[in-house]
Amino acid sequence: MDDWSHCLTFGLSMAKQASQLVLAAFEQQKEVKCKSSAADLVTQSDMKVENLLKSAIANKYPDHRFCLIIFYLIILLSLWMSHESKSTFDPRFIGEESVGTGEDVELTDHPTWLIDPIDGTVNFVHRFPFVAISIAFCVNKQTEFGIVYSCVDDKVYHAQRGRGAFMNGQQLHVSGQQDVSKCVVVTEIGAERDDLALSTMTSNIFRLLKLPVHGLRALGTAAVDMCQVATGGADVYYHIGMHCWDIAASAIIVQEAGGIVIDTDGSEFDMMSRRVIAASSSVVANHIARVIRVFPCRRDDAKPSE
């Protein structure tokens, strides 16, 4: 069995370096573009962080370069940046730009990096202090490690398969809560704004509050939200409509902290399904799965015709 610790160490180093770009731009005025909705934003900093990470990975691990998937929010940004003479796109990398133009997204057995350079772009634009860099590394379709760097509060969450989860070097453990009525629940409204999605999401909040639960929270970044379950500060996180690059890293962090990660229908977690429940216990996870409702989401790995 391969030990991917050298890749983890490198990923942690690059996340810290990339966070400096995020922090340097955090207080600055940003030029913003909208994608699918008014809540789905992209900035030039997404591109800068992504370029830093992908070039560093390509230089360090050239054997990964043809099986490296980097996802980022640049369907419109790619057009915007193409007018700048120094902007180029490396064809060795498959990103959300290529997904938007019809290329397949497929998680293969090859060493694969899944990166969200700025998770919480709306927060970043408004200077709301929860912005993260999310990095996951998969081999044989299995996540080997995950890194979530919450930039503003300088918290580095990471986990490696079979070796536990940590935040700034301190080992993490979920709360172990099994009583839903005593849970703090974390979720996000997300970028979906059609009537069915909005009515489903708001009715889910109503259903949970009527259980009751202790409270609901939303930090504006799926990666950091999910890590709160790993710390024990929250007891369960659920989301419908996020993408694999949002939660691939935080899923293994929750699992290595002793938590449970499943699909919203109670089945095995599938990062491409765009549905997730992460919880302190299987009792809580399955209870939430019975309560919430879902709306249709196109899988991240769906073929263009599907």
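The preceding data block contains the structure.
Residues numbered from 1 in each chain as written. Predicted model: local features only at pLDDT ≥ 70, side-chain atom pairs only at ≥ 80, totals over all residues. Heavy atoms only, no water.

**Thoughts on the overall build of the protein chain**
Part 1 of the reasoning: Summing up its helical and strand segments, the protein chain has nine helices and 13 strands in all.
Part 2 of the reasoning: Accessible surface, the protein chain: about 13,400 Å² in total, of which carbon and sulfur atoms supply 51%. (Helix = DSSP H or I, 4+ residues; strand = E, 2+ residues; numbered from the N terminus. Areas by Shrake-Rupley, 256 points an atom, 1.4 Å probe, with all protein chains shown as cover.)

**Regarding the sheet that holds strand β13 (residues 275-279)**
Part 1 of the reasoning: Read across the open sheet, the five strands follow the order β10-β9-β11-β13-β12; overall the sheet is mixed. In this open sheet, the two strands that pair with only one neighbour each are β10 (215-217) and β12 (260-262). Between one strand axis and the next, the sheet turns by 20 degrees as a mean value, whatever way the strands run.
Part 2 of the reasoning: Strand direction decides the pairing type here: strand β9 (residues 184-186) and strand β11 (residues 236-240), joined by two bridges, are parallel. By the bridge assignment for β11, V186 is matched with Y237.
Part 3 of the reasoning: Packed on one face of the sheet, helix α6 (residues 195-209) meets β9, β10 and β11 and runs near 155 degrees to β11.
Part 4 of the reasoning: The strands touched by helix α9 (residues 282-291) are β11, β12 and β13; relative to β13, the strand with the most contacts, the crossing angle is about 145 degrees. (Pairing = 2+ DSSP bridges. Axes fitted to C-alpha atoms, helices over the stretch in contact; angles between N-to-C directions. Contact = heavy atoms within 4.5 Å.)

**Details of the layout of surface pockets**
Over the atoms rolls a probe the size of a water molecule, and in doing so it shows where empty space is left.
Part 1 of the reasoning: Volume-wise, the second largest pocket comes out at about 380 Å³.
Part 2 of the reasoning: Contributing to the lining of the second largest pocket are 20 residues, with L107, K141, F269, D270 and M271 lying nearest its centre.
Part 3 of the reasoning: Residue assignment for the lining of the second largest pocket shows that the elements contributing at least two residues are β5 (142-150) and α8 (244-256).
Part 4 of the reasoning: In terms of residues, the lining of the second largest pocket owes the most to one element, α8, which gives four residues.
Part 5 of the reasoning: Split by residue class, the lining of the second largest pocket holds nine nonpolar, three polar and eight charged. (1 Å grid on protein atoms, 1.4 Å probe; cavity = no way out; pocket = protein on both sides within 12 Å on 5 of 7 lines; lining within 4 Å. Points joined across faces, edges and corners; volume = space filled by probe spheres on them. Nonpolar A, V, L, I, M, F, W, Y, C, P; charged D, E, K, R; others polar.)

**Overview of the sheet that holds strand β6 (residues 155-160)**
Part 1 of the reasoning: The six strands lie next to each other as β3-β4-β5-β6-β7-β8, forming an open sheet whose pairing is antiparallel. Single-partner strands in this sheet number two, and they are β3 (112-119) and β8 (170-171).
Part 2 of the reasoning: Sheet topology places β5 next to β6; six bridges connect them, and they run antiparallel. Looking at β6, one finds that G146 is bridged to A159.
Part 3 of the reasoning: Helix-sheet contacts for helix α1 (residues 5-26) involve β3, β4 (132-139), β5 and β6, and the interaxial angle to β5 is about 25 degrees.
Part 4 of the reasoning: Against the sheet, helix α2 (residues 44-60) makes contact with β3 and β4, and its axis sits at roughly 155 degrees relative to β3, the strand it touches most.

**Observations concerning helix α7 (residues 222-231)**
Part 1 of the reasoning: The buried fraction of α7 amounts to nine of the 10 residues, a majority that puts the element mostly inside the structure.
Part 2 of the reasoning: Among all positions of α7, only A222, A223, V224, D225, M226, C227, Q228, V229 and A230 are buried. (Buried < 20%, exposed > 50% of the residue type's maximum accessible area, 1.4 Å probe, protein only.)

**Comments concerning empty space enclosed by the protein**
Part 1 of the reasoning: As enumerated under the stated definition, the model contains two cavities of 30 Å³ or more in all.
Part 2 of the reasoning: Looking at the largest cavity, its volume works out to about 60 Å³.
Part 3 of the reasoning: Around the largest cavity, the lining residues are T187, E188, I189, M201, I205, Y238, H239, I240 and F295.
Part 4 of the reasoning: Residues of the lining of the largest cavity, tallied by class, amount to six nonpolar, two polar and one charged.
Part 5 of the reasoning: By volume, the second largest cavity is sized at about 30 Å³.
Part 6 of the reasoning: Lining the second largest cavity we find F10, G11, M14, L53, I57, W113, I115 and I135.
Part 7 of the reasoning: Taken together, the elements giving at least two residues each to the lining of the second largest cavity come down to α1, α2 and β3.
Part 8 of the reasoning: The element contributing the most residues to the lining of the second largest cavity is α1, with three residues.

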